[in-house]
Amino acid sequence: MTTDSIASFRQVEDLVQGVATSDGAGVRLTRVLTQQLQRRLDPYLMLDAFRNENPDDYIGGFPDHPHRGFETVTYMIAGRMRHHDSAGNHGLLEPGGAQWMTAGSGLIHSELPEQSEGLMEGFQLWLNLPAKNKMIAPFYQDIAPDAIPEYTTADGIRVRVIAGASAGVDGAIQRPDTEPLFLDVHLPAGSRFEQIIAAGHNAFTYTYRGNVEIGGTRVPDRNMAILSNNGAPALAVRATEAARMLIIAGQPLRQPIVQYGPFVMNTHEEIRQTLEDYQSGMFEAATVQAR
C-alpha cells in the first residue's frame, strides 16, 4: 500500500492512548490531552473522552466547579447532560449537540447527567484564551444537534463542522485568535478523507470508533494521533474499516501557560489573584450571557 507524500500531507508524530482517571463526582473518563502536551498542542489544554455503559461510572456527573481563563467545548455523542451556571442559566446537551463556554473572568457551573441508564459518551475539550481575553465576561453558546453544519461526500463520508471550516462549510463556531478547527468525521470502510489544515497550526486526531490510517500509521479506536508540523497543507485519512474520529487543529498562542486546576492564566500572580477572587465569592456573582 502506498502512503501519502510527506510533502503534501501531515504525518503521525506520535500516538497517545491517554490516562484512565475520574473527575467530578467519580465520572470515569480518559484524559487524552494532558498537561504535558499543552505546549506541543497549543492552544489546546485538555481533551477528555468518556464512554460509559455503567451508570455508576457517570451518574454523579460534574457538580458545581469554577473555571477562569479558557474555553470549554462539550460535545455529546450519546446520552444527555444538564448544565447550570452561577448566573442561573441552564440548558440540556443532547446526542449530537455541543456547548461552547467561554469561562473568561470566571464562573461556577455544573454538568449533571439527565439519565439513569444507558450509554453516556462524549468529549470535553479545553481551548486556551489569549492573554488579552482572559478576563472577558463569561458567556456560553448551546448548539443543538441540527444547528451543527454538516455535509456528506459522494462516497458517504459524513462531516460535522463544529468549529472552523471544511470543504467550504463554515462551522457553528469561529474564533479569531486561536482559529480552532473541530470536526467529527464518520468514514465508511475503505473511504478516504482530506482536510486542509493551515500551516503552523498544531493538529491532532482522536479515533473513537474503528481504525483509520494516516500516512501509513494505523490509528486505532481510543487513540490520539499528534500530527507533524511539517509544513504540509493537508491531512489525509483512510478508513481501514468503518470509523469515526475527531480532527482538531488551531493557531498556537505561544504565550505562557500557568494552570492551577480549573484556572489557566499567564502568570503565577494571576493565579494568586484568581484564588483570592474565587474565595471572595466573585465567581458566584458572575453574570453569564447565553449566545
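Look a little higher up for the structure.
Quick caveat, the model's predicted, so the values are computed rather than measured.

Digging into the overall build of the protein chain
A tally of regular secondary structure across the protein chain gives 1 helix and 27 strands. Over its C-alpha atoms the protein chain spans a radius of gyration of 19 Å, differing by no more than 12% from the 19 Å that the globule rule assigns to 291 residues. Counting across all 291 residues of the protein chain, residues that qualify as buried make up 55%. Considering only intrachain contacts with a sequence separation of at least 6, the fraction spanning at least 24 residues in the protein chain is 73%. Summed over all atoms, the accessible surface of the protein chain reaches about 11,900 Å², with 49% contributed by carbon and sulfur.

Notes on the sheet that holds strand S8 (residues 90-93)
The 4 strands are arranged S5-S10-S7-S8 in an open sheet whose pairing can be described as antiparallel. The sheet terminates laterally at strand S5 (62-67) and S8, the two strands that pair on one side only. Averaged over all adjacent pairs, the angle separating strand axes in this sheet is 20 degrees, with direction ignored. As defined by bridge partners, strand S7 (residues 81-85) adjoins strand S10 (residues 107-113) across 5 bridges and the pair is classed as antiparallel. In the strand pairing of S10, Asp85 is matched with His109.

Digging into the pattern of salt bridges
The final tally for this structure, using the stated rule, is 17 salt bridges. The closest approach of N and O atoms between Arg31 and Asp48, which form a salt bridge, is 2.7 Å. Taken together, the residues Arg31 in strand S3 (residues 27-33) and Asp48 in strand S4 (residues 44-52) connect sequence positions 17 residues apart. When its relative accessible area of 5% is taken as the criterion, Asp48 is described as buried. Of the charged contacts in the structure, one is a salt bridge between Glu194 and Arg192, with a shortest N-O distance of 2.2 Å. Classification of Glu194 by relative accessible area gives partly exposed; the value is 43%.

Some words on the environment of Thr72
Mapped onto the secondary structure, Thr72 falls in strand S6 (residues 70-78). Since its relative accessible area comes to 0%, Thr72 is described here as buried. In this structure, the C-alpha to C-alpha distance between Thr72 and Ser8, residues 64 residues apart in sequence, is 32 Å. When near neighbours in sequence (up to four residues on either side) are disregarded, Thr72 contacts His67, Gln99, Trp100, Met101, Gln124, Leu125 and Trp126.

Topic: unusual backbone geometry
Geometrically, the link from Asp42 to Pro43 is a cis peptide bond, its omega value of 20 degrees lying close to zero. Within the secondary structure layout, Pro43 lies in the loop between S3 and S4. If you check the backbone angles, Ala167 has positive phi at about 50 degrees while not being a glycine. Look at Glu179: it is not a glycine, yet its phi comes out positive at around 45 degrees.

Regarding the environment of Phe283
Mapping Phe283 onto the fold places it in the loop between helix H1 (268-279) and strand S27 (289-290). Using a relative accessible area of 1% as the deciding quantity, one classes Phe283 as buried. Setting aside chain neighbours within four positions, we find Phe283 in contact with Pro66, His67, Arg68, Ser86, Ser105, Gly106, Leu107, Ile108, Phe263, Thr274, Asp277 and Tyr278.

Parameters and conventions
- Residues numbered from 1 in each chain as written.
- Predicted model: local features only at pLDDT ≥ 70, side-chain atom pairs only at ≥ 80, totals over all residues.
- Heavy atoms only, no water.
- Helix = DSSP H or I, 4+ residues; strand = E, 2+ residues; numbered from the N terminus.
- Rg over C-alpha atoms; globule rule 2.2 N^0.38 Å.
- Buried < 20%, exposed > 50% of the residue type's maximum accessible area, 1.4 Å probe, protein only.
- Contact = heavy atoms within 4.5 Å.
- Areas by Shrake-Rupley, 256 points an atom, 1.4 Å probe, with all protein chains shown as cover.
- Pairing = 2+ DSSP bridges.
- Axes fitted to C-alpha atoms, helices over the stretch in contact; angles between N-to-C directions.
- Salt bridge = Lys/Arg side-chain N within 4 Å of Asp/Glu carboxyl O.

Limitation: the analysis is restricted to geometry and does not speak to function.
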